[in-house]
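So the chains spell out like this:
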Amino acid sequence: MQEENQVYFVDSDQLPLAALERKHRLEQDPSFRTNHMEYMDGMQVIESDIKEKVLKAMDEFSYDSYTAADVERALSKESCSIEDFKALLSPAAAPYLEQMARKAEELTKNHFGNTVYIFTPLYIANYCQNYCIYCGFNCYNNIRRKKLTFEEIEHEMEVIAKTGMEEILILTGESRAYSDVTYIGEAVKIAKKYFKNIGIEIYPVNVDEYQYLHECGVDYVTVFQETYNTEKYETLHLLGHKRVWPYRFDAQERALMGGMRGAGFSALLGLDDFRKDALATALHVYYINRKYPHAELSLSCPRLRPIVNNDKINPRDVGEKELCQVLCAYRIFLPFAGITVSSRESAAFRNGIAKICATKVSAGVSTGIGDHEEKYEGKEEADVGDEQFEINDNRSFAAMYQDMEQGGLQPVLNDYIYV
Ligand code: SF4
């Protein structure tokens, strides 16, 4: 393994001196870091102008220039243009949150009825070769690392499936060395035995690899861009493949080219200017929809959460009101898109937002590795891997199902049949 790809999964105080020096230099000296806009060997380049369109719109977005009149005009129209969407994301729209919520609710009902999908994520490995400074799985963070064996994966899936869940999202840290595409593909084949709908959230791969994973049984691919601001991105992702911003940006498009049915998009709100990141995320979906109209597209809206060894990480200026504004604006601009609200948010917020614009919620969540039996069935803590971040809403599948029903919604576990 080349020195530049060497990863040390131990406490940073115990790192070999060379690695410690390298970590500090990566943090202190931008010239020591690789060019984040340059593809690395093996990364497929596809023909697409969506990046340029999104970056240009984000660059030109001067949200303080929008007025109450712009917001009122946006709310009065049947269909929402990009300009209207920008007005709805602006500070001028904050006093109109109730009107936005009412319009969003109506659109959600028109497109999705009163349904809400429930799924659960399953982390099968937490090895990661990237150094994202805000994430608990980063290669320099001192956590317990684990990669599940196929027997353990099957066991975890059995435990989850017993609850009645029919959709699973399989996640790994981003390490080809520890969780290669074949390992993920085999995990997906096991998942096929227990679940009807399978998503993955893994490191971005090339079209042929997405095709292989689709053949193994993957329905959709989620990739978080984290922040669309390339300069900010550079300062947060200091090492590893994830550092390459454009390769990550094109991941959903490569996944669709590889035959996937759907793709999920997101910025991690709070990393940078959340209004600009929200604009970029939605435009990413908008342009992909125009190019691939058959694809099922969805948005997530994670905010930063505290991590192991750093509980001070928090979404700075994105409170629940701001998050609600962003989600209502997403719904009004993209009425057809799924919106997922994860367990990073509180139970009260998720109960409320599911009635307005969210279409999918997770339940029975653990972001640790191999601990579903312990969490679901009260077994002793076994040899498990640490969590990626602390979750906020730890309702079980049964509790979530019940709460959604009590809120007047119809929980859906799967709505897709292959013929
Ligand atoms: S955000 Fe993803 S890629 Fe970055 S350190 Fe965490 S698991 Fe690895």
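As the structure is a computational prediction, the values presented were derived from the model and not from experiment. (Residues numbered from 1 in each chain as written. Predicted model: local features only at pLDDT ≥ 70, side-chain atom pairs only at ≥ 80, totals over all residues. Heavy atoms only, no water.)

**Q** Now, about the pairing of strand S4 (residues 220-226): what can you tell me, with residues and values included?
**A** Of all seven residues in S4, seven are buried; the element is thus mostly enclosed. Of the two faces of S4, the one lined by Tyr220, Thr222, Phe224 and Glu226 and the one lined by Val221, Val223 and Gln225 are each fully buried. In the sheet, strand S3 (residues 197-201) pairs with S4 via two bridges, with the strands oriented parallel. When the sheet's bridge partners are listed, Ile200 is paired in S4 with Val221. The parallel pair S3 and S4 is bridged by helix H8 (residues 207-216), and the resulting crossover is right-handed. For S4 and strand S5 (residues 262-267), the ladder comprises six bridges, and the chain directions are parallel. Its bridge partner being in S5, Val221 is matched across the sheet by Ala263. (Buried < 20%, exposed > 50% of the residue type's maximum accessible area, 1.4 Å probe, protein only. Helix = DSSP H or I, 4+ residues; strand = E, 2+ residues; numbered from the N terminus. Pairing = 2+ DSSP bridges. Right-handed = clockwise from strand over helix to strand, strands pointing away.)

**Q** Just give me the short version of the confidence of the model for the chain, but keep the residues and values in it.
**A** Taken over all residues, the pLDDT of the chain has a mean of 91, while the share at 70 or more is 90%. Here residues 1-6 is modelled with pLDDT under 50, and outside its nearest four sequence neighbours on either side it reaches six contacts, counting other chains as well. (pLDDT = per-residue confidence, 0-100. Contact = heavy atoms within 4.5 Å.)

**Q** For the site of the ligand, give the residues involved together with the corresponding values.
**A** In the region of the ligand, nine residues are neighbours, and Cys128, Asn130, Cys132, Cys135 and Lys242 sit closest. Looking at the shell around the ligand residue by residue, the classes come out as four nonpolar, three polar and two charged. (Near = heavy atom within 4 Å. Nonpolar A, V, L, I, M, F, W, Y, C, P; charged D, E, K, R; others polar.)

**Q** Give me the lowdown on the packing of aromatic side chains, citing residues and values where you can.
**A** The tally for this structure, following the rule as stated, stands at 15 aromatic pairs. Relative to Tyr63, the ring of Phe61 lies with its centre 5.5 Å away and its plane at 70°, an arrangement referred to as edge-to-face. Look at Tyr63 and you get buried, because its relative accessible area is 18%. Directly above the ring of Tyr416 sits Arg261, whose terminal nitrogen or CZ lies 3.4 Å from the centroid. Of note, Lys360 hangs over the ring of Phe119, and the distance from its end group to the ring centre comes to 5.3 Å. (Phe/Tyr/Trp six-rings, centres within 6.5 Å; stacked < 30°, edge-to-face > 60°. Lys NZ or Arg CZ within 6 Å of the ring centre and 35° of its normal.)

**Q** Break down the nonpolar core for me, with residues and values.
**A** Residues Phe85, Leu88, Leu327 and Tyr330 are the most contacted members of the largest nonpolar core, which totals 65 residues. Other than its neighbours up to four places away in sequence, Tyr330 contacts Phe85, Ala278, Thr281, Ala282, Leu299, Ser300 and Ile339. Residues Ile200, Leu213, Leu271 and Phe397 belong to the second largest nonpolar core, which totals 57 residues. (Core = buried A, V, L, I, M, F, W, Y, C linked by side-chain atoms within 4.5 Å.)

**Q** Tell me about the packing of helix H4 (residues 82-89) against helix H13 (residues 320-333), residues and numbers included.
**A** The contact between H4 and H13 brings their axes to 9 Å, and the two run at 165°. In terms of their interaxial angle, H4 and H13 are classed as roughly antiparallel. Handedness of the H4/H13 crossing: right-handed. The segment H4 lies against H13, with Ile82, Phe85, Leu88 and Leu89 engaging Gln325, Val326, Ala329, Tyr330, Ile332 and Phe333. Across the contact of H4 with H13, the residue classes break down as nine nonpolar, one polar and no charged. (Axes fitted to C-alpha atoms, helices over the stretch in contact; angles between N-to-C directions. Parallel < 35°, antiparallel > 145°, perpendicular 65-115°, else oblique. Left-handed = near helix turned anticlockwise from the far one by under 90°.)

**Q** Go over the side chain of Thr108 with me, naming the residues and quoting the values.
**A** Within the fold, Thr108 resides in helix H5 (residues 97-112). Discounting residues that sit within four places of it in the chain, Thr108 has contacts with Gly113, Arg331, Ile356, Cys357 and Thr359.

**Q** Go over the pattern of salt bridges with me, naming the residues and quoting the values.
**A** Applying the stated criterion to the full structure yields 27 salt bridges. Note that Glu209 is salt-bridged to Arg176, the shortest N-O span being 2.8 Å. With a gap of 33 residues between them, Glu209 in helix H8 and Arg176 in the loop between strand S2 (167-172) and helix H7 (181-194) connect regions that are remote in the sequence. A relative accessible area of 34% means that Arg176 is categorised as partly exposed. Among the salt bridges present, the one from Asp393 reaches Arg350, with a minimum N-O distance of 3.0 Å. One end of the pair, Asp393, is in the loop between helix H15 (372-377) and helix H16 (397-406); the other, Arg350, is in helix H14 (residues 347-356), and 43 residues separate them in sequence. On the basis of relative accessibility, which here comes to 0%, the residue Arg350 falls in the buried class. Shared partners join several salt bridges into a network, and the residues in it are Arg350, Asp393, Arg395 and Asp403. (Salt bridge = Lys/Arg side-chain N within 4 Å of Asp/Glu carboxyl O.)

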